[in-house]
Amino acid sequence: MNGYSEHEQYLKNALLDLNCSTSKQKEKKLSPHYFEDLKEDLLVRYADKSLKEVMNCSTCQTSFGDALKITTKEKIDFRLRENNFKNQINNNLKLLPKIGLKTEENLKNKGFKTIKDLQNHDRYGDSASKFLNEIDEMSFCEIVNLLDSNRYSKKCRSNLIKCISMTDVENFKFMDIETKGLSNVPIILIGIAEIKNNKIIASQYFLRDYTEELNIIDAYQNHLDDDSVHVTFNGKSFDVPFIKNRCAYNGIESKLDLPHLDLMYFAKDLWKDTLPNCQLQTIEREIFGIEREDDVPGQYIPGYYDTYLSKKNIGPVVPIIEHNCQDIISLASFLEKMYEDVN
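Values in this document were obtained by computation on a predicted structure and should not be read as measured data.

On to the sheet that holds strand β4 (residues 187–196). Ordered in space as β1-β2-β5-β4-β3-β6-β7, the 7 strands form an open sheet in which the pairing is mixed. Each edge of the sheet is formed by a strand with only one pairing partner; in this case those strands are β1 (57–62) and β7 (260–262). For this sheet, the mean inter-axis angle between neighbouring strands, taken without regard to orientation, is 30 degrees. Two elements, strand β2 (residues 65–75) and strand β5 (residues 199–206), share 8 bridges in a ladder whose sense is antiparallel. Bridge pairing in β5 places Lys69 opposite Tyr205. With respect to the sheet, helix α14 (residues 318–342) is in contact with β2, β3 (172–179), β4, β5, β6 (229–232) and β7, its orientation differing from that of β3 by roughly 150 degrees.

Laid out in structure tokens, this is it:
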């Protein structure tokens, strides 16, 4: 005998077979054949149907014409407990010019624990007084820019999450786009989610054909004002620059110079040691227990969209719209969880 009873050996072999089967299923789901078969299935499933039959759609007016708007509403209990962040800013001496990590440590060892304490310091007194006068008059946007531009912002990145207690949750604009490729191609879908009265409302603007790109960009920008805060996942590197590029291409003004919380960077800081990776869907699965079905990876989206146009069949774009909606709604959960963790 090899140390296993007959029953134990059977269970061991069954477990190995299960793991092998699961692995093969995952490989199959990642193969081009799987996504080609899925597309064909979607064409059959949604033949002769319109988006208005399967989703909550309406037509909205923009400065450039009509845009198709898809609306999803869910209940949400989004709460940010008070953290007295302005007092926390007062403890961060590195926000003053010419104070780094070592200098801050030395000053605190000498009893200068706060910026307020430094008003009595021979060298830093004037800059401390100036800072304290300005901070009371700063808007949330200015405070975010102050924290983000500080040379030690990477070491103190949690401050950018902590400071969100200083603005209304209605100002968060959870945003994600889907495109025809990585550069110099149209945006086919813009999603923006907002929290209002204990509900998260997702508004998605879908490109029915290439003539409507201006319309969907304008519809999206109509959600923005001076108090808006972009919340994205890799949006600083991709989504916002991409929209700005398409605005320039189409000859319209962009309104995107807003405070921006790119949660990808915070995810890496907070969870890189506990997760296999910090991709959006990994965070959904590992932290929130969300498993997506029939999700279409980004590399297949252009082909799916082309099929939608050529076949005049909504099937291939249904999972793209659902994917985008899940992305922007998940961002709200990410932000709330991050805020809890850093506080």
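And the narrative resumes.
Helix packing for two helices is described by the angle between their axes and how far apart those axes are. Interaxial distance between helix α12 (residues 280–288) and α14 falls to 11 Å at its minimum, and their mutual angle equals 55 degrees. Our classification of the angle between α12 and α14 gives oblique. The crossing of α12 and α14 is left-handed. Mapping the contact onto sequence places Leu280, Gln281, Ile283, Glu284, Ile287 and Phe288 in α12 and His323, Gln326, Asp327, Ser330, Leu331, Ser333, Phe334 and Lys337 in α14. Looking at the contact of α12 with α14 residue by residue, the class counts come to 6 nonpolar, 5 polar and 3 charged.

Here the focus is the nonpolar core. Counting 56 residues, the largest nonpolar core has Phe174, Leu263 and Leu335 as the members making the most contacts within it. Examining the composition of this core, we find that 10 residues originate from one element, α14, more than from any other. Of all hydrophobic cores here, the second largest spans 45 residues; its members include Tyr46, Ile217, Tyr305 and Ile314.

Judged by how many residues are buried, helix α9 (residues 213–221) sits mostly within the fold: 8 of 9 residues are covered. Along α9, the positions that sit buried rather than exposed are Glu213, Asn215, Ile216, Ile217, Asp218, Ala219, Tyr220 and Gln221.

Basis of the calculations
- Note that residues are indexed from 1 along each chain, following the sequence as it is written.
- Local features are withheld for residues below a pLDDT of 70 in this predicted model, meaning they are given only at 70 or higher, and side-chain atom pairs are given and counted only at 80 or more; totals for whole chains, interfaces and linings count all residues.
- The side-chain figures draw on all heavy atoms in the structure; neither hydrogens nor water molecules are used.
- Here, strands pair whenever DSSP counts at least two bridges between them.
- The way it works is that DSSP assigns letters per residue, a run of H or I at least four long becomes a helix, a run of E at least two long becomes a strand, and they are numbered from the N terminus.
- Lines fitted to the C-alpha atoms define the axes, with helices restricted to the stretch that makes contact. Angles between their N-to-C directions range from 0 to 180 degrees.
- Contact between two residues is taken to exist if any of their heavy atoms lie within 4.5 Å; hydrogens are not considered.
- When describing relative orientation, an angle under 35 degrees is termed roughly parallel and one over 145 degrees roughly antiparallel, while 65 to 115 degrees is termed roughly perpendicular and anything else oblique.
- The crossing is said to be left-handed when, going from far helix to near helix, the turn is anticlockwise and less than a right angle, and right-handed when the turn is clockwise.
- Classes in brief: Ala, Val, Leu, Ile, Met, Phe, Trp, Tyr, Cys and Pro nonpolar; Asp, Glu, Lys and Arg charged; the others, Gly included, polar.
- For this analysis, a nonpolar core means a set of buried residues of the types Ala, Val, Leu, Ile, Met, Phe, Trp, Tyr and Cys, connected via side-chain atoms within 4.5 Å.
- Partly exposed residues are those whose accessible area sits between 20% and 50% of the maximum for their type, while under 20% is buried and over 50% is exposed, using a 1.4 Å probe and protein chains only.

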